[in-house]
Amino acid sequence: MAAIPLYKTQELKIYNSISGQKETFNPITEGNIGMYVCGPTVYSNVHLGNCRTFISFDMVFRYLKHLGYKVRYVRNITDAGHLENDADEGEDKVAKKARLEQLEPMEIVQRYTLDFHHVMSKFNAIAPSIEPTATGHIVEQIEIIKTIIDNGYAYESNGSIYFDVKKFNETNHYGKLSGRNLEDMIANTRELSAQSDKKNPQDFALWKKAEPQHIMRWPSPWSDGFPGWHLECTVMSTKYLGERFDIHGGGMDLKFPHHECEIAQGEAACGQTPVNYWMHANMLTLNGKKMSKSTGNTISPAELFTGNNDFLAKSFDPSIVRFFMMQAHYRSILDFSNDALEASEKGFYKLMDAIQTIETLTPEAKTDGFDVQAWRTSCYEAMSDDFNSPILIAKLFDAVKFINTVKEQKVSISSTDLELLKETMHGFIFDVLGLVNSNETSSDTSDKLSGTVELLIKLRAEARINKDFATSDKIRDELLAMGIQLKDSREGTTFSLN
Ligand code: AMP
Ligand code: ZN
């Protein structure tokens, strides 16, 4: 007989941004979940802020799968239509980068898509089930625009098509996700400039006619042009998940206008609201300010892994950074700092050491001092309460404490409980939190490695004093070939792992 899936015994609660409340999660089709997350705009390397949002949803994806759901996870690649001002004006972000670098837009797209994939795999994120691109869905975007026009919610103006927000708001509520209303929005906006093609400033482009210099263009019934940024997500989510699907996620900053417009487009095209549960991940900050490409207040994953940056004293393993992120709830702001990462590193090693210690424990007749079954239940309760990973981690540390006292033979564990403890620790640490216990990341091995490299640094310094440059270069080059980079400065030599 097949085992009962875990989701049947769990009440999963998800904070739904549209109601502002935690709600009991019920999928449209039992046992199946459709989840869409807005992917990156591939015109530059992702920064750690972007990574946080994608890692948060990777944790959500992992937990849903862990509960036994069959999840279709769609995360798009935005490779056209995202303009510089995040609205309807300015150059296409991808095209601009292509112009500056004298490359084809698709060379830019390829370069940064590869970088994104590389970084996500370093963070041990599972690839989505489908990763569609905006440029691969132009035909579908044109079709949906026709439907929205036919339904009376869009108009043509000078070869561009705009969504008629005022008309939509007569029968629907534009602003329900972000808690706004159209009257206030109108009161707070300046008049349209005389040359604008829009009826109202709140209207947004579904299709834009391309200026002669705009190279990313496609034919349409209205003009040679390109689709609006908001529309691509409506098209790709509904194409692969249906007109109504379970979960839509993205960073908090996408709530308005991007997701608000998605709701309007979905309702206008399909006559029903597209999403049952809206999830928004909070921002990663640096020095208290949002990490953001446009302000340059960023740190890149590469800078972090090599230690080559102004903020951190050394490099950090991707799993430690992932653990640092998991120690905060996905809806809380998280500030990035050297001290916080060092604290996470200590915690991470403690957890990995406990995973090794479990293997060495000898079971006895009974368990004493810890209720393993109740502890396991509390781990599930934490994650089922809107994916509360920090509470889960606190529970995992309760188990670490117990494991260490068993090791010291102060208390005992039965063989059934030992198996359950092991399975639960592995399930949450590796499957759900997505951490990796590589050899380098055990504290013991890491201490030995540092000791060995420090010794080689000392021998190299002595060789240099003796003008034996052949030996000193050999040490540097061979370490580099192994992925250990030495960095000389006035204060001495340090190293980082590539
Ligand atoms: P973009 O490539 O700019 O469209 O952003 C990709 C994703 O990263 C979106 O879901 C954003 O909400 C998210 N994002 C951008 N900056 C941050 C940040 N500082 N912290 C967390 N997520 C962010
Ligand atoms: Zn989107």
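Analysis parameters
- Residues numbered from 1 in each chain as written.
- Chains lettered and ligands numbered in written order.
- Predicted model: local features only at pLDDT ≥ 70, side-chain atom pairs only at ≥ 80, totals over all residues.
- Heavy atoms only, no water.
- Near = heavy atom within 4 Å.
- Polar contact = N/O pair within 3.5 Å; in protein donor to acceptor, adjacent residues only side chain to side chain.
- Helix = DSSP H or I, 4+ residues; strand = E, 2+ residues; numbered from the N terminus.
- Nonpolar A, V, L, I, M, F, W, Y, C, P; charged D, E, K, R; others polar.
- Donors = N, O, S within 2.8 Å, 3.2 Å for Na, K, Ca; no water.
- Buried < 20%, exposed > 50% of the residue type's maximum accessible area, 1.4 Å probe, protein only.
- Pairing = 2+ DSSP bridges.
- Axes fitted to C-alpha atoms, helices over the stretch in contact; angles between N-to-C directions.
- Contact = heavy atoms within 4.5 Å.
- Parallel < 35°, antiparallel > 145°, perpendicular 65-115°, else oblique.
- Salt bridge = Lys/Arg side-chain N within 4 Å of Asp/Glu carboxyl O.

S.K.: Can you help me understand the site of ligand 1 in this one?
M.R.: In the vicinity of ligand 1 lie 16 residues, with G49, T53, D253, L284 and M291 positioned nearest. Interatomic distance of 3.0 Å between a backbone N/O atom of T41 and an oxygen atom of ligand 1. In terms of residues, the shell around ligand 1 owes the most to one element, helix 1 (residues 48-66), which gives four residues. Here the residues of the shell around ligand 1 sort into six nonpolar, seven polar and three charged.

S.K.: Can you help me understand the coordination of the zinc ion (ligand 2) in this one?
M.R.: Tetrahedral metal sites with four donors have an ideal angle of 109.5 degrees; octahedral sites with six donors have ideal angles of 90 or 180 degrees. Of the protein atoms, only C38 (SG), C233 (SG) and H258 (NE2) coordinate the zinc ion (ligand 2), at distances of 2.0 to 2.2 Å. Between the donor residues of the zinc ion (ligand 2), the gaps in sequence give the motif C-x194-C-x24-H. With C38 in the loop between strand 3 (32-37) and helix 1 and C233 in helix 7 (residues 229-241), this residue pair connects regions lying 195 residues apart in the sequence. Each member of the pair, C38 together with C233, is buried.

S.K.: What is the right way to look at the sheet that holds strand 7 (residues 204-209) in this model?
M.R.: To summarise the sheet geometry, strands pair through backbone hydrogen bonds and adopt either a parallel or an antiparallel arrangement. Taking strand neighbours across the sheet as the criterion, the four strands line up as 5-6-7-8 in an open arrangement whose pairing is antiparallel. Strand pairing shows two members of the sheet lacking a second neighbour, strand 5 (154-157) and strand 8 (225-227), which therefore form its edges. On average, each strand axis in the sheet is inclined to that of its neighbour by 20°, with strand direction left out of account. In the sheet, strand 7 pairs with strand 8 via three bridges, with the strands oriented antiparallel. If you follow K208 over to strand 8, its bridge partner there is F226. The strands touched by helix 4 (residues 138-150) within the sheet are strand 5, strand 6 (160-163), strand 7 and strand 8, with strand 7 carrying the most contacts at an inclination of about 120°.

S.K.: Is there a simple way to think about the packing of helix 2 (residues 93-101) against helix 3 (residues 105-122) in this case?
M.R.: When two helices pack together, their arrangement is given by the angle between the helix axes and the distance between those axes. For the pair helix 2 and helix 3, the least separation of the axes is 8 Å and the interaxial angle reads 105°. Taken together, the axes of helix 2 and helix 3 lie roughly perpendicular to each other. Mapping the contact onto sequence places V94, K97, A98 and E101 in helix 2 and P105, I108, V109, R111 and Y112 in helix 3. In the contact of helix 2 with helix 3, the residues fall into six nonpolar, no polar and three charged.

S.K.: Just to check I follow, could you spell out the packing of helix 1 against helix 14 (residues 415-432) for this structure?
M.R.: The interhelical angle for the contact between helix 1 and helix 14, taken along N-to-C directions, is 140°, at an axis separation of 9 Å. Comparing the axis directions of helix 1 and helix 14 gives the class oblique. Contacts between helix 1 and helix 14 pair M59, R62, Y63 and H66 from the former with G427, F428, F430, D431 and V432 from the latter. Looking at the contact of helix 1 with helix 14 residue by residue, the class counts come to five nonpolar, two polar and two charged.

S.K.: Is there a simple way to explain the sheet that holds strand 13 (residues 334-336) in this structure?
M.R.: Judged by pairing direction, the sheet is mixed, and its three strands sit side by side in the order 12-11-13 without closing on themselves. Edge positions in the sheet fall to strand 12 (289-290) and strand 13, since each of these pairs with one other strand and no more. Direction of pairing for strand 11 (residues 284-286) relative to strand 12: antiparallel, over a ladder of two bridges. Of the residues in strand 12, the one forming a bridge with L286 is K289. Of the strands in this sheet, strand 11 and strand 13 touch helix 10 (residues 318-326), which is tilted by about 145° from strand 13.

S.K.: Whenever I open this one, the pairing of strand 5 confuses me. Can you help?
M.R.: A regular strand carries its side chains on alternate faces of the sheet. By the bridge criterion, four bridges tie strand 5 to strand 6 in an arrangement that is antiparallel. By the bridge assignment, A154 is partnered in strand 6 with F163. The hairpin turn running from strand 5 into strand 6, its antiparallel successor, is two residues long, and N158 in that turn takes a positive phi close to 55°.

S.K.: What am I meant to see in the pairing of strand 15 (residues 492-497) here?
M.R.: Sheet topology places strand 14 (residues 484-489) next to strand 15; six bridges connect them, and they run antiparallel. Considered in strand 15, the bridge of L486 is made with F495. Counting the residues in the hairpin turn of strand 14 and strand 15 gives two residues.

S.K.: Looking at this structure, I do not really get the pattern of salt bridges. What am I missing?
M.R.: Side-chain pairing between opposite charges can occur once the charged atoms of the two side chains come close. Tallied over the full model, the rule gives 26 salt bridges. Close ionic contact of D86 with K93 constitutes a salt bridge, the shortest N to O distance being 3.1 Å. When its relative accessible area of 34% is taken as the criterion, D86 is described as partly exposed. Relative accessible area serves as the criterion here: at 13%, K93 is assigned to the buried category. Among the ionic pairs, E101 bridges to R111, the shortest N-O distance being 2.9 Å. Of this pair, E101 sits in helix 2 while R111 sits in helix 3; the two residues are 10 residues apart in sequence, bridging distant segments of the chain. For E101, a relative accessible area of 33% gives the class partly exposed.

S.K.: In this structure, what is going on with the environment of Y153? I would like to understand it.
M.R.: Residue position: Y153 is located in the loop between helix 4 and strand 5. Setting aside residues no more than four positions away along its own chain, Y153 makes contact with I148, Y162, F163, D164, K167, F168, T171, N172 and A268. A polar contact of 3.3 Å, which involves the side chain of Y153, links it to the side chain of T171.

S.K.: What is the right way to read the side chain of N297 from this model?
M.R.: Tracing the backbone through its elements, the reader meets N297 in the loop between strand 12 and helix 9 (301-306). Judged by relative accessible area, which is 17%, N297 ranks as buried. In terms of polar contacts, N297 uses its side chain to reach the backbone carbonyl oxygen of K289, at 3.0 Å. Among the polar contacts made by the side chain of N297, one reaches the main-chain carbonyl oxygen of K290 at a distance of 3.2 Å. Each residue touching N297, except ones within four places of it in the same chain, is listed here: L286, K289, K290, M291 and S292.

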